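Observations on the three-dimensional arrangement
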Amino acid sequence: RNDFGTCIFNGAVTIGCNNNTFKKCYFNNNATIADSTIFNYLALSPSSVYILPAAGKIIADTLLANGDCLHLIDIHSSVAGTQASIYTPTGNVSLTAIILKDIKAQGGALFSLAQSIDNGNNSGWSLSSTSAKSYYWIGGNGNWNNPANWSATSGGLAGNCVPSASDNVFFDSKSFTATGQTMTIDIQNAYCNSMTWAGVTNMPSFASSSATNILKIYGSLTLSSNMK
């Protein structure tokens, strides 16, 4: 067992040993956390993924994790279908814009989620879910994480957000304005429920700006012969 003071992790990190204690810990990137890790104060960062120990738990006396519709926070167990636990003894744990899967809330604290997505097998949380929306790609060339390329209607006006794990996305005849334009995944963690390219024209491409970027599709994927 090791005891640490204040730790700030700016890169992706794995805590591989059990039973470590951190006075204050700031994860500013993705992290995998070992069983029985104790945090007196734990802060998680938007646009990051946190993997907790399946069939184990972390202890966080104070837990902060607040994203927004452009910068969700993904928290899930290391084994799909097997819960990991977050234990907080007292107080309120109020998190915002979380994608949560296989996580059990334990302890005397009140656990709540706002503007968040229940991806299944969670317990102990009071959840205010986001409703599923439809997003249509507009404007031709562009990056996934740019709200200017997404509209609530086909060929409509740009919105102020991007798709999340509960939303359905559409690429159609009004999405691309010239031949050979590209939609680029420009962030490490992009999400949608279902994606369809049916009806698309102008032979667009679907690309990524980095090999480490991941698009997670939780529903169906429909491609088209009218794309590269």
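1. Focus: the overall build of the protein chain
The helix and strand inventory of the protein chain stands at zero helices and 26 strands. Taken over the C-alpha trace, the protein chain has a radius of gyration of 19 Å; the compact-globule value for 228 residues is 17 Å, and the two agree within 12%. Its C-alpha atoms put the protein chain at 60 × 30 × 30 Å along the principal axes. Classification of the 228 residues of the protein chain by burial places 45% in the buried group. For the protein chain, contacts bridging at least 24 residues in sequence account for 45% of all contacts bridging at least 6. Surface summary for the protein chain: the accessible area is close to 10100 Å², and the carbon and sulfur share equals 50%. In the protein chain, 10 positive and 10 negative side-chain charges are present, and the distance between their average locations comes to 2 Å.

2. A closer look at the pairing of strand β3 (residues 21-27)
The sheet contact formed by strand β1 (residues 3-9) and β3 spans six bridges and is parallel. The residue of β3 that forms the bridge with D3 is T21. The pairing of β3 with strand β5 (residues 37-39) spans two bridges and is parallel. Residue pairing in the sheet places F22 in a bridge with F39 of β5. As defined by bridge partners, β3 adjoins strand β6 (residues 42-44) across three bridges and the pair is classed as parallel. The residue bridging F27 from the neighbouring strand is L44, located in β6.

3. Brief notes about the sheet that holds strand β20 (residues 168-170)
Sheets are built from strands paired through backbone hydrogen bonds, the pairs being either parallel or antiparallel. The five strands are arranged β19-β17-β20-β23-β26 in an open sheet whose pairing can be described as mixed. Looking at the sheet topology across the chains shown, the edges are occupied by β19 (150-151) and β26 (221-222). Pairing analysis gives two bridges linking strand β23 (residues 195-196) to β26, with the strands arranged parallel. Looking at the pairing, M195 lines up with L221 of β26.

4. Quick notes on the state of the cysteines
A complete count under the given rule lists one disulfide for this structure. One disulfide bridge connects C69 with C161, the sulfur atoms lying 1.9 Å from each other. Of this pair, C69 sits in the loop between β9 (63-65) and β10 (73-77) while C161 sits in the loop between β19 and β20, and the two are 92 residues apart along the sequence. Overall, the relative accessible area of 37% leaves C69 in the partly exposed class. Cysteine C7 shares no disulfide, and the gap to the nearest cysteine sulfur, in C25, comes to 5.7 Å. Given a relative accessible area of 14%, C7 falls into the buried group. Considering cysteine sulfurs only, C7 is the nearest to C17, which forms no disulfide, with 14 Å between them. Using a relative accessible area of 51% as the deciding quantity, one classes C17 as exposed.

5. With respect to the sheet that holds strand β24 (residues 205-208)
The strand order β18-β21-β24 describes an open sheet built from three strands, whose pairing is parallel. Where the open sheet ends on each side, the last strands, each with one partner, are β18 (142-143) and β24.

6. Quick notes on the pattern of salt bridges
Taken as a whole, this structure holds two salt bridges when the rule is applied. D74 is paired through a salt bridge with K216; the nearest N and O atoms lie 3.2 Å apart. Note that D74 is positioned in strand β10 and K216 in strand β25 (residues 214-217), a separation of 142 residues in sequence.

7. Description of the side chain of S194
Within the secondary structure layout, S194 lies in the loop between β22 (189-192) and β23. In this view, S194 contacts D167, N168, V169, I217, G219 and S220; residues no more than four positions away in its chain are not counted.

8. Considerations on the packing of aromatic side chains
For the structure shown, the criterion picks out 17 aromatic pairs. Taking 5.7 Å as the distance between ring centres and 50° as the angle between the ring planes, the aromatic pair formed by Y26 and Y41 counts as tilted. Of this pair, Y26 sits in strand β3 while Y41 is found in the loop between β5 and β6, placing the two residues 15 residues apart along the sequence. What makes Y26 partly exposed here is its relative accessible area of 26%. Ring geometry for W197 against F206: centres 5.5 Å apart, planes inclined by 35°, an arrangement best described as tilted. Each member of the aromatic cluster is reached from another via a ring pair, and the members are Y135, W137, W144, W150, F171, F176, W197 and F206. When the ring centre of Y41 is taken as reference, the NZ or CZ atom of K24 above it lies at 5.5 Å. Above the ring of Y87, the side-chain terminus of K57 is found at 4.9 Å from the ring centroid.

What counts, and at which threshold
- Residues numbered from 1 in each chain as written.
- Predicted model: local features only at pLDDT ≥ 70, side-chain atom pairs only at ≥ 80, totals over all residues.
- Heavy atoms only, no water.
- Helix = DSSP H or I, 4+ residues; strand = E, 2+ residues; numbered from the N terminus.
- Rg over C-alpha atoms; globule rule 2.2 N^0.38 Å.
- Buried < 20%, exposed > 50% of the residue type's maximum accessible area, 1.4 Å probe, protein only.
- Contact = heavy atoms within 4.5 Å.
- Areas by Shrake-Rupley, 256 points an atom, 1.4 Å probe, with all protein chains shown as cover.
- Lys, Arg positive; Asp, Glu negative; His and termini not counted.
- Charge placed at Lys NZ, Arg CZ, Asp CG, Glu CD.
- Pairing = 2+ DSSP bridges.
- Disulfide = S-S within 2.5 Å.
- Salt bridge = Lys/Arg side-chain N within 4 Å of Asp/Glu carboxyl O.
- Phe/Tyr/Trp six-rings, centres within 6.5 Å; stacked < 30°, edge-to-face > 60°.
- Lys NZ or Arg CZ within 6 Å of the ring centre and 35° of its normal.

Remember that the coordinates give geometry; whether it matters functionally is a separate question.
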